[in-house]
Amino acid sequence: MAINKDLIKDDLYEAVNGEWIKDAKIPDDKPATGGFNDLVDDIDKQMMADFSAFAEGKEHKDDGKFNEMIKLYRVARDFDHRKQVGPAPLKKVLDDVEAVNSYSDFQARWYDWIMAGIPSPVAFDIDADMKNATVYALFLGAPSLILPDKSYYQDDKKDQHDQLLQLWTDMVAALLDKLGYDKATADKLIADAKAFDALLAPNVKSAEESADYSKMYNPRTVAEVAESTDQIDLASVIKQLVDATPDKVIVMEPAYLKALDGILKGHFDLFKAWVTINTIRDNASYLDDETREINGRYSRALSGRKKPVSQEKFAYYLARDIFSQVAGDYYGKKYFGPEAKANVHHMVEQMIKVYKDRLSNNTWLSQATRDKAVLKLEKLGIQVGYPDNIPALYDQFKVDESASLIDNLMQINIVANKEMFGRWNNPVDRMRWEMSAATVNAYYHPFKNIIVFPAAILQAPFYSLKQNSSQNYGGIGAVIAHEISHAFDNNGALFDEYGNLNNWWTKEDSDHFKKLAQKMIEEFDGLPIAGQEVNGKLTVSENIADGGGLSCALEAAKLEDDFNAEDFFINWATVWRMKATEQYQQLLLSIDVHAPQKLRANVQVQNLADFYTAFDIKPGDKMYKAPEDRVNIW
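Per chain, residues are indexed from 1 in the order of the written sequence. Reporting in this predicted model follows two pLDDT cut-offs: at least 70 for local features of residues, and 80 or more for side-chain atom pairs to be given and counted; totals over whole chains, interfaces and linings ignore these cut-offs and use all residues. Note that the side-chain values use all heavy atoms of the structure and ignore hydrogens as well as water.

1. Looking at the pairing of strand 2 (residues 123-129)
Each residue's exposure class comes from its accessible area (1.4 Å probe, protein chains only) as a fraction of the maximum for that residue type: buried when under 20%, exposed when over 50%, partly exposed otherwise. Numbered from the N terminus, helices here are DSSP runs of H or I no shorter than four residues, and strands are runs of E no shorter than two. Summarising burial for strand 2: 5 of the 7 residues are buried, a large majority. In terms of strand pairing, strand 2 meets strand 3 (residues 132-141) through 7 bridges, oriented antiparallel. Looking at strand 3, one finds that Asp127 is bridged to Ala137. Criterion used throughout: strands pair if DSSP finds at least two bridges between them. The turn linking strand 2 back onto strand 3 is made up of 2 residues.

Next comes the structure, spelled out in structure tokens:
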């Protein structure tokens, strides 16, 4: 890869990735290509070839869960059969929706609809109780909007709002026409569904608001929740979902719950149209290929993708996602292996040691807060590669190859939702994986105080035995330390060593941390990219984690005998390379808690003195930032 080292003084990202960006081609079925995306493409090719071999009987596996996954893959890729069957499986579901003529009718079906995955005016979930993380609690939230985020409904985005809503309207009109609705009926359904969406929009959280975890925890009694509306019986459905009346329900969107009665009252026809349209949208891609293509037009316009994914890839993605831990277990054991798993686990432990040392010697935290921070690190759970055990849930997934794809998916939904709601009030399985090992990503879970590194991300350019230690630390080392840093970002810092929402900071330490976090907000806020600007508040958690992760990884890299600062920073820039459509970049600016890739690469290095030494960056160079303007938190 050609690197223009003279250009590094002006733009590290362009210097490292400029030649690659010039030649890179964005696949027609994707909105972007680059470091993460390239790994995804390679894994897709490997796994699709394997799935196909099993589906066609060329390979065999003595594993019931795996074989059910392959059966679903066969059903999903049989587009000829789906064309013959036609829309009947979806119409059967829509007939049930059409038969509902009042909120009372809806109430009688609500539980069954939640289990089957039919749209609900209230979203329910099960997760660790944020104040008692050893027990599963019931969470209550708001449904999704038509547009990507609440901010699209505000006056300053009116042009985008109108343009995107028209694209959505045209797509849904085409879907309804394909399903045999006459134009007058279709027009009314669309208008009513949009009117109900407009009632939702002012009362739900934006992506920026949702990024503040502390505002998520609003415990209410079931009686208090039920008092929010007399249009539907929330207490009754909650009792059905968890087979009891909980002492509390955690309300994630209190403003929405407060507005619920006004949203529903006198608007049953709008609500019914909203359920109808969303049921169609949720299931249309499981009909014939023409309907799948129509149903993807809006999302493709949002991201700038030119074409839908192939039939083969669609079937693979669906089966892989439904059987996520089964697919991940297969990938991890075949393509990663126990030796690499142990090696990376050791690397994670090394990064924790570096972080522990930094916390112990921190100069702005009080001793009491430092001690608690170190304790949190010592209790940090580590998951690397692939899980030791697959949840028993997957043994319950059964696929009937003589039934339609929609019927199969609804049965799987029912099994999965019953298992999820069955966890309520039971002990939390802290080490249960929530991401497939075949996923190119990593995460920190604040409610469980665990970090997870799936096998799929543990390859070049992030990590390879063929790379030197500085390259590996600039890649996976920074990612590992990034996830560790999440334990101490503006959200993670609110949770203790057990994952409980519990303020373990002194007021002085907390106030100082907030000032530092504000500096990180200001460092990114308003930076121009893709014709728009970065929202510093939306991205602050990830930016704090990037800063801490890069700084910590650099310190670890410097402990190695073969340390090379140039290699470290160059690989850091390499892993963030991305070429994306402008539509996709603009979408991410509205909803993604991460800063744009180029800015992640460029801004964080400007905060580190070693970057200036490595490339002889001086005042007057575009990459130079005065010491007093550099932001260092961890």
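2. Quick look at the pattern of salt bridges
A carboxyl oxygen of Asp or Glu within 4 Å of a side-chain nitrogen of Lys or Arg is what we treat as a salt bridge. For the structure shown, the criterion picks out 44 salt bridges. With a closest N to O distance of 3.7 Å, Lys307 and Asp28 form a salt bridge. A residue pair is termed long-range when its members are at least 10 positions apart, and Lys307 in the loop between helix 15 (297-303) and helix 16 (311-322) and Asp28 in the loop between helix 1 (12-23) and strand 1 (32-34) qualify at 279 residues. Asp610 is the partner of Lys558 in a salt bridge, and the nearest nitrogen-oxygen pair spans 3.2 Å. With Lys558 in helix 23 (residues 540-558) and Asp610 in helix 27 (residues 609-614), the pair connects residues that are 52 residues apart, well separated along the chain. Assessed through its relative accessible area of 42%, Lys558 is described here as partly exposed. Connected through salt bridges with shared partners, the residues Lys30, Asp41, Asp44, Arg320 and Asp321 form a single ionic network.

3. A short note on the sheet that holds strand 5 (residues 249-251)
Pairing between the strands of a sheet comes from backbone hydrogen bonds, and it takes one of two forms, parallel or antiparallel. Across the sheet, 4 strands lie side by side as 2-3-5-4; this open sheet has mixed pairing. Strands at the two margins of the open sheet, each flanked by one partner only, are strand 2 and strand 4 (219-220). Looking at chain direction, strand 4 and strand 5 are connected through 2 bridges and run antiparallel. Bridge pairing in strand 5 links Pro219 to Ile250.

4. Remarks on the nonpolar core
Counting residues in each nonpolar core, the largest one holds 218 residues, and the members touching the most others are Phe124, Phe611 and Trp634. Broken down by element, the residue count for this core peaks at 9 residues, all from helix 18 (residues 337-360). In this view, Phe124 contacts Trp110, Ile114, Leu138, Phe139, Leu140, Leu234, Val237, Ile238, Leu241, Met420 and Phe421; residues no more than four positions away in its chain are not counted. Grouped together as the second largest cluster of nonpolar side chains are 5 residues, Trp433, Met435, Tyr443 and Val452 included. Working definition of a nonpolar core: buried Ala, Val, Leu, Ile, Met, Phe, Trp, Tyr and Cys residues. They are joined through side-chain atoms within 4.5 Å. Any pair of residues with heavy atoms lying within 4.5 Å of one another is described as a contacting pair.

5. Quick word on a negative patch on the surface
Within the patch definition used here, like charges are joined within 9 Å and nonpolar side chains (Val, Leu, Ile, Met, Phe, Trp, Tyr) within 5 Å, considering only residues with over 30% relative accessible area and no salt bridge. Only the protein chains shown count as cover for residues, with accessible areas throughout obtained via the Shrake-Rupley method and a probe of 1.4 Å. Residues scored as positive are Lys and Arg, those scored as negative are Asp and Glu, and His as well as the terminal groups of each chain are ignored. Charged groups are reduced to one reference atom each: NZ for lysine, CZ for arginine, CG for aspartic acid, CD for glutamic acid. A cluster of acidic residues, Glu208, Glu522, Asp525 and Glu533, forms a negative patch at the surface. Within the secondary structure, Glu533 sits in strand 10 (residues 532-533). On the accessibility criterion, Glu533 (54% relative accessible area) is exposed.

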